[in-house]
Amino acid sequence: MSSYAKELEIAQLAVQRAAILTKRVFHEKAKGTVSKDDKSPVTIGDFGAQALIIAALKHNFPDDEIVAEEEAAQLKDDTNLRTTIWDLVKRTELSDAAAEAALGGPIQSDDDMLTFIDYGNSKGGASGRIWAIDPIDGTKGFLRGGQYAVCLALMVDGDVKVGVLGCPNLPVDDAAPLSGGMESGQTDEGRGCLFSGVLGQGAVSRPLSTGALQSSQKISMKAITDIAAATFCESVEAGHSSHGDQAEIAKKLGINNPSVRMDSQAKYASIARGAGDIYLRLPVSASYQEKIWDHAAGDLIVREAGGAVTDIHGKRLDFSIGRTLANNKGVVAAPAGAHAKVLAVVQEVLGAK
């Protein structure tokens, strides 16, 4: 197998299996829910998807470390919540027997489930093989039936080598233009994409399935010949990225198209396949540090699709520090040929504040 071929295959199947669970949680438990409290559908989906992904990683790469968001202490104290999650986990499997076997098959008990969840306690860092997981990125998007992502990336000595994003509510068609209705009600047929990239090998998309991997096609960012015709992707939540600064940046670049707002790393995936052009995440707090699991997979996939990704100071995102991007502020992602111009305007607007 070629470089990182096994890691890529297992990561894609693991994300695909976890997405079966997140979709089931949405349809069975999430409709009409708007919060992330201790027993919310997001909590159930987060724990369940994390357990399934870590089980697959530990079966195939037992010595690798894992950085993930959730820890099992809450489940050890809450029998009802543990039972609810276990009932979902134990009946989630890929419909293709060979694909399910490649992941190690089902988790054997709820105690094993808790053990797997707690394997996600690595501190991260600059040495060795470390996976980063965000089981449901885009909490509110998930609850609205909008955009969310199941995210998995492998870092080796602090450098992202493999990235996978499962986006259950993005259109399968890579050419489908972004629309203003992406943030809710996107759970019908014709949706569900699996994006992946390996350092130096490009990026691809394929339909998200419930069994074996579907055939893939190469994706690439759209070259921007006229920046005024570009489309921005930005966060739905103003608490995640400054909408006012973004509007000022768009104005200075001559961009009149309305920004498309969506949650999660679906923004990285959307610009990587040319459905959008530019993704900005502009700091709203001087002290906030981004989590590595919120960016590792998307950063690699965009770069492998012909994009450039930096922070607002023009520095590459540094995943070698620990569980956060402590050395970076914000994100500027754009086609390689347009990135410098976008970054210059970002710095002009933010520097004038």
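Just above, that's the structure.
All values reported here derive from a predicted model rather than from experimental measurement.

### Some words on the environment of Asp173
In step 1: In this structure, Asp173 sits in the loop between strand S4 (159–171) and strand S5 (191–198).
In step 2: Between the C-alpha atoms of Asp173 and Arg206, which are 33 residues apart in sequence, the distance is 9.3 Å.

### Observations concerning the pattern of salt bridges
In step 1: Enumeration according to the criterion identifies 15 salt bridges in this entry.
In step 2: Among the ionic pairs, Arg17 bridges to Glu100, the shortest N-O distance being 2.9 Å. Separated by 83 residues along the polypeptide, Arg17 in helix H1 (residues 5–30) and Glu100 in helix H5 (residues 97–102) bring together distant segments of the chain.
In step 3: Owing to a relative accessible area of 6%, Glu100 belongs among the buried residues under this scheme.
In step 4: When the shortest N-O distance is used, the salt bridge between Asp174 and Arg273 registers 2.8 Å. Within this pair, whereas Asp174 is found in the loop between S4 and S5, its partner Arg273 is found in the loop between helix H9 (266–272) and strand S10 (278–281), the two being separated by 99 residues in sequence. With respect to burial, Asp174 and Arg273 carry one shared label: buried.

### Some words on the packing of aromatic side chains
The description of an aromatic ring pair rests on the distance of the ring centres and on the angle between the ring planes.
In step 1: For the coordinates displayed, the defined rule picks out 5 aromatic pairs.
In step 2: A ring pair is formed by Tyr268 and Tyr279, whose centres lie 4.9 Å apart and whose planes are at 85 degrees; its orientation type is edge-to-face. One end of the pair, Tyr268, is in helix H9; the other, Tyr279, is in strand S10, and 11 residues separate them in sequence.
In step 3: The class of Tyr279 is buried, set by a relative accessible area of 2%.
In step 4: Each member of the aromatic cluster is reached from another via a ring pair, and the members are Phe26, Phe142 and Tyr148.
In step 5: If you follow Arg129 out to its NZ or CZ, it ends over the ring of Phe61, 5.3 Å from the centre.

### Describing the sheet that holds S10
Backbone hydrogen bonds hold the strands of a sheet together, and the pairing may be parallel or antiparallel.
In step 1: Ordered by their spatial adjacency, 5 strands build an open sheet running S9-S8-S10-S12-S11, and the pairing between neighbours is mixed. With one partner strand each, in any of the chains shown, strand S9 (260–261) and strand S11 (307–310) form the two edges of the open sheet.
In step 2: Two elements, strand S8 (residues 232–234) and S10, share 2 bridges in a ladder whose sense is parallel. Paired with Phe232 across the two strands is Ile278, which belongs to S10.
In step 3: Across the face of the sheet, helix H11 (residues 336–351) comes into contact with S10, S11 and strand S12 (331–335) while running at roughly 145 degrees to S12.

### Here's the deal with the packing of helix H2 (residues 41–60) against helix H6 (residues 110–118)
Two quantities define a packed helix pair, namely the angle between the helix axes and the distance between the axes.
In step 1: Between H2 and H6, the least distance of the axes is 8 Å, while the angle of their chain directions is 80 degrees. As the angle between them shows, H2 and H6 are arranged roughly perpendicular. For the pair H2 and H6, contact is made by Phe47, Gln50, Ala51, Ile54, Ala55 and Lys58 and by Met113, Phe116 and Ile117, respectively.
In step 2: The class makeup of the residues in the contact of H2 with H6 is 7 nonpolar, 1 polar and 1 charged.

### What about the nonpolar core?
In step 1: In this structure, Ile107 and Met113 are the most contacted members of the largest nonpolar core, which totals 56 residues.
In step 2: Of the residues forming this core, the biggest block, 12 residues, is contributed by H1.
In step 3: Not counting residues within four places of it along the chain, the set of residues in contact with Ile107 comprises Ala51, Leu52, Ala55, Trp86, Val89, Asp112, Met113 and Phe116.
In step 4: Formed by 41 residues, the second largest nonpolar core is a distinct cluster that contains Cys193, Met221, Cys233 and Ala297.

### What to know about the sheet that holds strand S7 (residues 217–218)
In step 1: Here we have 7 strands laid out as an open sheet, ordered S1-S2-S3-S4-S5-S6-S7, and mixed in their pairing. This sheet does not close on itself; its edge strands, each paired only once, are strand S1 (65–68) and S7.
In step 2: Of the strand pairs in this sheet, strand S3 (residues 149–156) and S4 are connected by 7 bridges, and their pairing is antiparallel. Bridge pairing links Ala153 to Gly163 in S4.
In step 3: In the packing of helix H10 (residues 296–304) onto the sheet, contacts are made with S3, S4, S5 and strand S6 (203–207), and the angle to S4 comes to roughly 95 degrees.

### Thoughts on unusual backbone geometry
Most peptide bonds are trans, and most residues other than glycine sit at a negative phi.
In step 1: A positive phi angle, close to 50 degrees, is found at Asp157, a residue other than glycine.
In step 2: As for its position among the elements, Asp157 is in the loop between S3 and S4.
In step 3: Phi is positive for Ser264, close to 80 degrees, though the residue is something other than glycine.
In step 4: Considering the arrangement of structural elements, one finds Ser264 in the loop between S9 and H9.

### A word on H6
In step 1: All of the buried residues in H6 are Met113, Leu114, Phe116 and Ile117. Projected down its long axis, H6 shows its buried positions confined to an angular sector of 160 degrees, all on one face.

Thresholds applied
- Numbers given to residues run from 1 along each chain, matching the order in which its sequence is written.
- At least 70 in pLDDT is required for a residue's local features to be given in this predicted model, at least 80 for side-chain atom pairs to be given and counted, and no such filter applies to totals for whole chains, interfaces and linings, which use all residues.
- By convention in this description, side-chain values take in all heavy atoms of the structure and omit both hydrogens and water.
- Numbering of helices and strands starts at the N terminus; helices are DSSP runs of H or I of at least 4 residues and strands are runs of E of at least 2.
- Any Lys or Arg side-chain nitrogen found within 4 Å of a carboxyl oxygen on Asp or Glu counts as a salt bridge.
- Whether a residue is buried, partly exposed or exposed follows from its accessible area with a 1.4 Å probe, protein chains only, as a fraction of its type maximum: under 20%, in between, or over 50%, in that order.
- Any two of the Phe, Tyr and Trp rings considered here, Trp counted by its six-membered ring, make a pair once their centres fall within 6.5 Å; the pair's planes then place it as stacked at under 30 degrees, edge-to-face at over 60, or tilted in between.
- Consider the ring centre and the ring normal. A charge sits over the ring if Lys NZ or Arg CZ is within 6 Å of that centre and within 35 degrees of that normal.
- Any two strands are treated as partners once DSSP identifies two or more bridges connecting them.
- Contacts are assigned to residue pairs with any non-hydrogen atoms lying within 4.5 Å of each other.
- Lines fitted to C-alpha atoms define the axes, with helix axes restricted to the stretch in contact, and inter-axis angles between N-to-C directions lie between 0 and 180 degrees.
- The scheme is simple: roughly parallel for angles under 35 degrees, roughly antiparallel for over 145, roughly perpendicular for 65 to 115, oblique for anything else.
- Three classes are used: nonpolar for Ala, Val, Leu, Ile, Met, Phe, Trp, Tyr, Cys and Pro, charged for Asp, Glu, Lys and Arg, and polar for all others, with Gly counted as polar.
- Residues grouped as a nonpolar core are buried Ala, Val, Leu, Ile, Met, Phe, Trp, Tyr and Cys residues, joined through side-chain atoms within 4.5 Å.
- Working definition: the arc comes from the directions between the helix axis and the C-beta atoms, pointing outward to the latter.

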